[in-house]
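Read off the chains here:
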Amino acid sequence: MDSVEKYVRSRMSRKEPFQVPEGYFDNLVGEIMAKLPEQKELDGAGQTDSRKVVPLTPSLYARLRPVLYVAACLLVAVLSFAVYFADSDEKEGQQVATQYSYKDASIDEVADYMMADNSDIYACLTNDY
């Protein structure tokens, strides 16, 4: 035995704190059966004559609960996508507006190809060349 078990055994007495009266379990089954109510004879269907079995029907809320959970999940998903994509469209629009100073991006490419500076472009637009 280890030291902890020796210590516990030395502190505890060997006497059991609870006792069962003599012959208690000999008559226990008979006493319990005597306290049970009498059972009535069963008919051919296996049911008692005095009682009928009525099936319980779940409430309307209990039947619709899974449908409500699915609807709530779909609503959250749709709103999440709407917020995400609406926010990203605004950001893309702001980036495009700040990136290009002209309405058409091809103007920059044409100006680079022609090697035209701002004064040449102004002259061309006002027909002063």
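**Q** Looking at this structure, I do not really get the overall build of the chain. What am I missing?
**A** In terms of regular secondary structure, the chain is built from 5 helices and 0 strands. Listing every helix and strand of the chain by position from the N terminus yields α-α-α-α-α. Looking at the chain residue by residue over its 129 residues, the buried ones come to 2%. A total accessible area of about 13100 Å² is found for the chain, and carbon and sulfur atoms account for 60% of it.

**Q** It is not clear to me how helix α2 (residues 24–35) should be interpreted in this structure. Could you clarify?
**A** The α-helix advances 3.6 residues per turn, and as a result positions three or four apart in sequence lie on the same side. With 12 residues, α2 extends 16 Å between its outermost C-alpha atoms, agreeing within 8% with the 16 Å of an ideal straight helix rising 1.5 Å per residue. In terms of burial, α2 is largely open, as just 0 of its 12 residues are buried.

**Q** Quick question: what am I supposed to make of the confidence of the model for the chain here?
**A** Any segment with low pLDDT has predicted coordinates that should not be analysed in fine detail. Model confidence for the chain is summarised by a mean pLDDT of 76, while 68% of its residues fall at 70 or above. Mean pLDDT per element in the chain: helix α4 (residues 106–114) is the minimum at 69, and α2 is the maximum at 88.

**Q** Please clarify how the packing of aromatic side chains should be interpreted in this entry.
**A** For any pair of aromatic rings, the description consists of the separation of the ring centres together with the inter-plane angle of the planes. One pass over the structure, following the stated rule, counts 3 aromatic pairs. Summarising the aromatic geometry, the rings of Tyr24 and Phe25 are spaced 5.3 Å apart at their centres and angled 80° between planes, so their arrangement reads as edge-to-face. Note on Tyr24: relative accessible area 41%, which makes it partly exposed. The class of Phe25 is exposed, set by a relative accessible area of 56%. Here the aromatic rings of Phe81 and Phe85 are separated by 6.2 Å at their centres, their planes lie at 15°, and the arrangement is stacked.

**Q** Help me understand a nonpolar patch on the surface in this model?
**A** Together, Leu60, Tyr61, Leu64, Val67, Leu68 and Tyr69 make up a nonpolar patch on the protein surface, roughly 640 Å² of accessible area in all. Topologically, Leu68 is positioned in helix α3 (residues 60–99).

Calculation rules
Residues numbered from 1 in each chain as written. Predicted model: local features only at pLDDT ≥ 70, side-chain atom pairs only at ≥ 80, totals over all residues. Heavy atoms only, no water. Helix = DSSP H or I, 4+ residues; strand = E, 2+ residues; numbered from the N terminus. Buried < 20%, exposed > 50% of the residue type's maximum accessible area, 1.4 Å probe, protein only. Areas by Shrake-Rupley, 256 points an atom, 1.4 Å probe, with all protein chains shown as cover. Expected span 1.5 Å × (residues − 1). pLDDT = per-residue confidence, 0-100. Phe/Tyr/Trp six-rings, centres within 6.5 Å; stacked < 30°, edge-to-face > 60°. Patch = residues over 30% accessible without salt bridge, like charges linked within 9 Å, V, L, I, M, F, W, Y side chains within 5 Å. Salt bridge = Lys/Arg side-chain N within 4 Å of Asp/Glu carboxyl O.

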